[in-house]
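# Chains, contacts and geometry: an overview
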Amino acid sequence: MLLTDRTFRTLLSREVLRFTRVWMQTILPQILTSLLYLVVFGIALGTRIKEIEGVPYLEYILPGIALMSLITNAQMNSSWSVFDAKRERYIDEVLISPMSNLQIALAYSLGGTLRGVVMGACTLLVGIPFVGINVENPLLLIVIGVFASFAFSSLGTMVGALATRIEHISFLTSIVIQPLTFLGGVFYSVGMLPDGLRLATFFNPIFYTVDAARFATLGISDLNPYPTLGMVFLISVMAFCGAWWAISHGPNLRY
Amino acid sequence: MSGPQNGFPALKIEKLKKTYKNGFRALDGVSLEVGAGKFFGLLGPNGAGKTTLINSVVSLARPDSGTVEVYGKDAFKEFREARRMIGVSPQEINLDKFLTVEEVLIFHAGYYGVPKKKAKDKAAELLERFGLVEKRDHRTNTLSGGMKRRVLFARALMHDPEVLFLDEPTAGVDVELRYKLWGYIRELNRGGMTILLTTHYLEEAEALCEDIALIDGGRISAQGTSAELKERYDARNVEEVYMKVIGDASN
Ligand SMILES: Nc1ncnc2c1ncn2[C@@H]1O[C@H](COP(=O)(O)OP(=O)(O)O)[C@@H](O)[C@H]1O
Ligand SMILES: [Mg+2]
């Protein structure tokens, strides 16, 4: 019902059309950014840090970089989509349609999820020729990618729905997501950090997704992988509840 | 397109109250009944609460209290059924800027659950009808104001609503389109569609509406058929009725 409803599927396909239509702006630059990370961090740092936990450095960072790209894209897609729709009021068309708030929140969040997954996969594919890895557990990696993407896309939906000014949206990317991705263990193992920072990392949701993705790709991780998977799942459920609440109660949506 | 013919009024509003977050009471106990198949005019000055009333029916505004039924369906508890019967052409232009004209129409139909094939046919019909065929592949943000207005009308009709809300449809519209539109909505009304039109353009109400309600300060100050009101207020036309009812109140 919820997912097979044509009303819902239409909004989801609109979300997909939105980012594929402007793929030169949405997809291409992101792939270049990821390549840059690989080149700059991988090649530059890679000459100093030869390997972590027995894995060559470039290989070690690739899953995290793919996840960075996935998270950034997922979150940007839904936050901008919802905020734009709200700012120009065409979200009204959706709000007065027969769709429920749950369906609306889900369609926006899944649209961003798709963009995140596509971008994460592209990064991985682009990176593999440079790095040359076998993904240990592809199925698990897909599951983690989808849940991580859904979590941060839902966060984007929530912020887009709550935002009243354009700065709120860019804050999410530049003040919240970007620092958290850099501190989320993409470029190092938390084992290498001093105690205080290591403890702080455990409060960073991105760390769990990065660690889980690394486990699925390389078979190594900082934490016991199964509780981490549970954590990734929990984060995405919480984020989506936030998105649902924000679509139902956010300012300038239903007055 | 002709209403459900189920014996219910198209729209039944009872004791509707709406206070905005800033404490402003925009609707102060509005009760209103729009009979099935009627052409109904909701008239009142700027800020009277007309748009708030429409928005409350489709849950874009959240009323504090009161009930709304659309052909007997509770607009809040049975919102899917109720909203599917309603088409809204809003006062302010709100077109999806990522889509082309034709896509706006087809996606709208999809939001209301209309199958793709049917939506395509309907879009073709309405594009033709509103002189939008040449613009079908243009992004909506490249259109002129008048063209955008046409897309709003077409969009509201894409899911074959039983009840059509036209919120100040002819504000800022050139004379040619205004008369075309009048002709077209009359035709829709004759086909059984219930129309609720808000306007402060009284000539428009005179020309089109059989039933009229006057709203001011969030309250209905007079209601009846056009003829009844003229008789009651000893007026020659709707404009005089309006002046007597609203003009007096606001002095
Ligand atoms: N979101 C809002 N917050 C606070 N006041 C509002 C809001 N929307 C409308 N109003 C006020 O409610 C009153 C009724 O507005 P509206 O329904 O748009 O009137 P109309 O459509 O008859 O011109 C006006 O005084 C308007 O300023
Ligand atoms: Mg208005």
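It should be emphasised that the depicted structure is a prediction, and the values quoted were computed from it without experimental measurement.

Now for the pattern of salt bridges. Enumeration according to the criterion identifies 25 salt bridges over all chains in this entry. Among the salt bridges present, the one from Asp195(A) reaches Arg198(A), with a minimum N-O distance of 3.4 Å. With Asp195(A) and Arg198(A) both in helix 9 (residues 195-201) and 3 residues apart, the pair spans about one turn of that helix. When its relative accessible area of 59% is taken as the criterion, Asp195(A) is described as exposed. Accessibility expressed as a relative area gives 29% for Arg198(A), which makes it partly exposed. Between Lys122(B) and Glu125(B) there is a salt bridge, with the nearest N and O atoms lying 3.9 Å from each other. Of this pair, Lys122(B) and Glu125(B) both sit in helix 4 (residues 116-129), 3 residues apart, which is roughly one turn of the helix. On the accessibility criterion, Glu125(B) (43% relative accessible area) is partly exposed. Three or more residues joined by partner-sharing salt bridges are found here, namely Asp84(A), Arg87(A), Glu88(A) and Lys97(B).

Attention shifts here to the sheet that holds strand 8 (residues 194-199) of chain B. All names here are of chain B. Here 6 strands make up an open sheet; going across it, the order is 6-7-8-3-9-10 and the pairing mixed. Of all strands in the sheet, those with a lone pairing partner are strand 6 (86-89) and strand 10 (219-225), marking the two edges. Strand after strand, the sheet turns through a mean of 15 degrees between neighbouring axes, direction not considered. Relative to strand 8, strand 3 (residues 39-43) runs parallel, the two sharing 5 bridges. Within strand 8, the position partnered with Phe40 by the bridge is Leu196. In the packing of helix 5 (residues 145-157) onto the sheet, contacts are made with strand 6 and strand 7 (163-167), and the angle to strand 6 comes to roughly 175 degrees.

All names here are of chain B. The environment of ligand 1 is formed by 13 residues, the closest being Gly47, Gly49, Lys50, Thr51 and Thr52. Within the backbone of Lys50, one N or O atom sits 2.8 Å away from an oxygen atom of ligand 1. At 2.5 Å from an oxygen atom of ligand 1 is found a side-chain nitrogen or oxygen belonging to Thr52. Surface burial for ligand 1 is 70%, taken as the share of its 560 Å² of free accessible area covered by protein chains. With 3 residues, the top contributor of residues to the shell around ligand 1 is helix 1 (residues 50-57). Looking at the shell around ligand 1, its residues break down into 6 nonpolar, 6 polar and 1 charged.

Our next topic: the nonpolar core. One finds Tyr108(A), Leu11(B), Val70(B), Phe130(B), Leu164(B), Phe165(B) and Leu214(B) to be the most contacted residues of the largest nonpolar core, which totals 105 residues. Residues Ile52(A), Ile65(A), Phe83(A) and Tyr188(A) belong to the second largest nonpolar core, which totals 46 residues.

With that settled, consider a nonpolar patch on the surface. Residues and elements named next belong to chain A. A cluster of nonpolar side chains, Leu36, Val39, Val40, Ile43 and Phe130, forms an exposed patch at the surface whose accessible area comes to about 470 Å². At 4 residues, helix 3 (residues 28-46) tops the list of elements feeding residues into the nonpolar patch. Within the secondary structure layout, Leu36 lies in helix 3.

Turning to the coordination of the magnesium ion (ligand 2), a few remarks are in order. As a benchmark, a tetrahedral metal site with four donors has ideal angles of 109.5 degrees, while an octahedral site with six donors has ideal angles of 90 or 180 degrees. Residues and elements named next belong to chain B. Thr51 (OG1) and Gln91 (OE1) make up the full set of protein donors to the magnesium ion (ligand 2), lying at 2.0 to 2.1 Å. Of this pair, Thr51 sits in helix 1 while Gln91 sits in the loop between strand 6 and helix 3 (101-111), placing them 40 residues apart in sequence. For Thr51, a relative accessible area of 28% corresponds to the partly exposed category.

Our focus in this paragraph is the interface of chain B and chain A. The partner chain A presents 31 residues to the 33 residues of chain B that form the contact. Across the chain B/chain A interface, buried area totals approximately 2900 Å², and carbon plus sulfur atoms make up 54% of it. Among the residues of chain B in contact with chain A, Leu60(B), Phe98(B) and Tyr111(B) are the three that bury the most area, contributing 27% of the side total. Applying the counting criterion to the chain B and chain A interface returns 6 salt bridges. Ionic pairing is found between Glu93(A) and Arg155(B), a salt bridge with its closest N-O pair at 3.6 Å. For the pair chain B and chain A, the number of links is 18 residue pairs in polar contact (both at pLDDT 80 or more). Of all the secondary-structure elements, those providing two or more residues to the side of chain B that touches chain A are helix 2 (79-84) and helix 3 of chain B. The element that contributes the greatest number of residues to the side of chain B that touches chain A is helix 3 of chain B, accounting for 6 residues. Taken together, the residues that form the side of chain B that touches chain A break down as 16 nonpolar, 6 polar and 11 charged.

Let us look at the sheet that holds strand 4 (residues 65-70) of chain B. Residue and element names in this part refer to chain B. Spatial strand order, 2-1-4-5: 4 strands in an open sheet with antiparallel pairing. Either end of the sheet is taken by a strand with one partner, and the two such strands are strand 2 (25-34) and strand 5 (73-74). Here strand 1 (residues 11-19) pairs with strand 4 via 5 bridges, running antiparallel. Residue pairing for strand 4: Ile13 is matched across the bridge by Val68.

Calculation notes
Residues numbered from 1 in each chain as written. Chains lettered and ligands numbered in written order. Predicted model: local features only at pLDDT ≥ 70, side-chain atom pairs only at ≥ 80, totals over all residues. Heavy atoms only, no water. Salt bridge = Lys/Arg side-chain N within 4 Å of Asp/Glu carboxyl O. Helix = DSSP H or I, 4+ residues; strand = E, 2+ residues; numbered from the N terminus. Buried < 20%, exposed > 50% of the residue type's maximum accessible area, 1.4 Å probe, protein only. Pairing = 2+ DSSP bridges. Axes fitted to C-alpha atoms, helices over the stretch in contact; angles between N-to-C directions. Contact = heavy atoms within 4.5 Å. Near = heavy atom within 4 Å. Polar contact = N/O pair within 3.5 Å; in protein donor to acceptor, adjacent residues only side chain to side chain. Areas by Shrake-Rupley, 256 points an atom, 1.4 Å probe, with all protein chains shown as cover. Nonpolar A, V, L, I, M, F, W, Y, C, P; charged D, E, K, R; others polar. Core = buried A, V, L, I, M, F, W, Y, C linked by side-chain atoms within 4.5 Å. Patch = residues over 30% accessible without salt bridge, like charges linked within 9 Å, V, L, I, M, F, W, Y side chains within 5 Å. Donors = N, O, S within 2.8 Å, 3.2 Å for Na, K, Ca; no water. Buried area = accessible area lost by both parts, 1.4 Å probe.

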